[in-house]
Amino acid sequence: MKSVLLGMLIAVIAIGGGIFLFSRAGSQPAAPAGSNVAVVEGKQVVTINAKGGYAPRVTVAKAGMATDLKIVTRGTFDCSSALTIPSIGYRTNLPPSGETVVEVPPQKTGTKLQGVCSMGMYNFSIAFE
Ligand SMILES: [Cu+2]
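Residues numbered from 1 in each chain as written. Predicted model: local features only at pLDDT ≥ 70, side-chain atom pairs only at ≥ 80, totals over all residues. Heavy atoms only, no water.

Topic: the overall build of the protein chain
To keep things clear, this is the line we draw: Numbered from the N terminus, helices here are DSSP runs of H or I no shorter than four residues, and strands are runs of E no shorter than two. Relative accessibility thresholds used throughout: buried, under 20% of the residue-type maximum; exposed, over 50%; partly exposed, between the two (1.4 Å probe, protein chains only). Note on contacts: a residue pair qualifies if any of its non-hydrogen atoms lie within 4.5 Å across the two residues. Working definition of accessibility: Shrake-Rupley area with a 1.4 Å probe, residue cover restricted to the visible protein chains.
Each helix and strand counted, the protein chain has one helix and ten strands in total. In the protein chain, the succession of helices and strands from N to C terminus is α-β-β-β-β-β-β-β-β-β-β. Looking at the protein chain as a whole, 29% of its 129 residues qualify as buried. Sequence-distant contacts in the protein chain: of pairs separated by 6 or more residues, those separated by 24 or more amount to 52%. Surface summary for the protein chain: the accessible area is close to 8000 Å², and the carbon and sulfur share equals 63%.

So, the packing of aromatic side chains
Stated formally: Stacked, edge-to-face and tilted labels apply to pairs of Phe, Tyr and Trp rings (six-membered ring for Trp) whose centres lie within 6.5 Å, assigned for plane angles under 30 degrees, over 60, and everything in between, in that order.
Following the criterion strictly, the structure yields one aromatic pair and no others. Between Tyr 54 and Phe 124 the ring centres are 5.1 Å apart and the planes differ by 70 degrees, which places this aromatic pair in the edge-to-face class. Linking Tyr 54 in strand E3 (residues 54-55) with Phe 124 in strand E10 (residues 123-128), this pair joins segments that are 70 residues apart in sequence. Overall, the relative accessible area of 1% leaves Phe 124 in the buried class.

Describing the coordination of the copper ion
Six octahedral donors around a metal ideally sit at 90 or 180 degrees from one another, while four tetrahedral donors ideally sit at 109.5 degrees. Here is the rule we go by: Counted as coordinating are nitrogen, oxygen and sulfur atoms within 2.8 Å of the metal, or 3.2 Å for Na, K and Ca, while water is not included, which may make sites look incomplete.
Binding of the copper ion to the protein goes through Cys 79 (SG) and Cys 117 (SG), at separations of 2.0 to 2.1 Å. Here Cys 117 lies in strand E9 (residues 112-117) and Cys 79 lies in the loop between strand E5 (67-73) and strand E6 (82-85), a separation of 38 residues in the sequence. For the pair shown, Cys 79 and Cys 117 are each scored as buried.

Examining the nonpolar core
Rules: Buried Ala, Val, Leu, Ile, Met, Phe, Trp, Tyr and Cys residues that are joined via side-chain atoms within 4.5 Å together make up what is termed a nonpolar core.
Ile 48, Tyr 54, Leu 69, Ile 71, Leu 83, Phe 124 and Ile 126 are the most contacted members of the largest nonpolar core, which has 18 residues in total. Elements with a contribution of two residues or more to this core: strand E2 (43-50), E5, E6, strand E8 (98-104), E9 and E10.

Re the sheet that holds E9
Definition in use: Two strands form a pair only when DSSP identifies at least two bridges running between them. Axis geometry follows a simple rule: fit a line to the C-alpha atoms, using only the stretch in contact for helices, then measure angles between N-to-C directions, giving values from 0 to 180 degrees.
Strand order in the open sheet formed by five strands is E4-E10-E9-E6-E7, with mixed pairing between adjacent strands. Of all strands in the sheet, those with a lone pairing partner are strand E4 (58-61) and strand E7 (90-93), marking the two edges. Across the sheet, the mean angle from the axis of one strand to that of its neighbour is 15 degrees, orientation sign disregarded. Where E6 meets E9, two bridges bridge the pair, whose relative direction is antiparallel. Its bridge partner being in E9, Thr 84 is matched across the sheet by Val 116.

Side note on the confidence of the model for the protein chain
Our working rule: You can read pLDDT as the predictor saying how much it trusts each residue, on a scale of 0 to 100.
With 74% of its residues at a pLDDT of 70 or more, the protein chain has an overall mean of 85. For the stretch residues 19-29, pLDDT sits under 50, and the model shows one contact to residues farther than four places along the chain or on other chains.

A closer look at the pattern of salt bridges
Let me state the cut-off plainly: By convention in these notes, a salt bridge is any Lys or Arg side-chain nitrogen within 4 Å of a carboxyl oxygen on Asp or Glu.
This structure, assessed with the given rule, holds one salt bridge. Ionic pairing is found between Lys 43 and Asp 68, a salt bridge with its closest N-O pair at 3.1 Å. Residue Lys 43 is located in strand E2, and its partner Asp 68 is located in strand E5; the two are separated by 25 residues in the primary sequence. Accessibility expressed as a relative area gives 26% for Lys 43, which makes it partly exposed.

Printed below as a string of structure tokens:
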């Protein structure tokens, strides 16, 4: 009996989560490509929002240029605040609200930098071209 209830609970959470994700996808039109990339005083700034996942999921940035990766949290209490960027050995716990700047050294053309939450559930990638 307990396992049936547990199964139902998991199903409800899974369905609820699916609806939640779907409604978010519907209400937030994809930002135009490159709109989260800016060059400020010779440095490239890539902005990623972290809350219930990362947005935008895919970014195209310039290779061969020092990059500040600006991670913005706003009432972020889910696991996307536990961020890891394996290829540069970066790992941090983002504050619930604020901006965290990660200095990324110039990347070679064709490099893909991937950020992932502690559980490996959410991710984002930045392709350097
Ligand atoms: Cu996660």
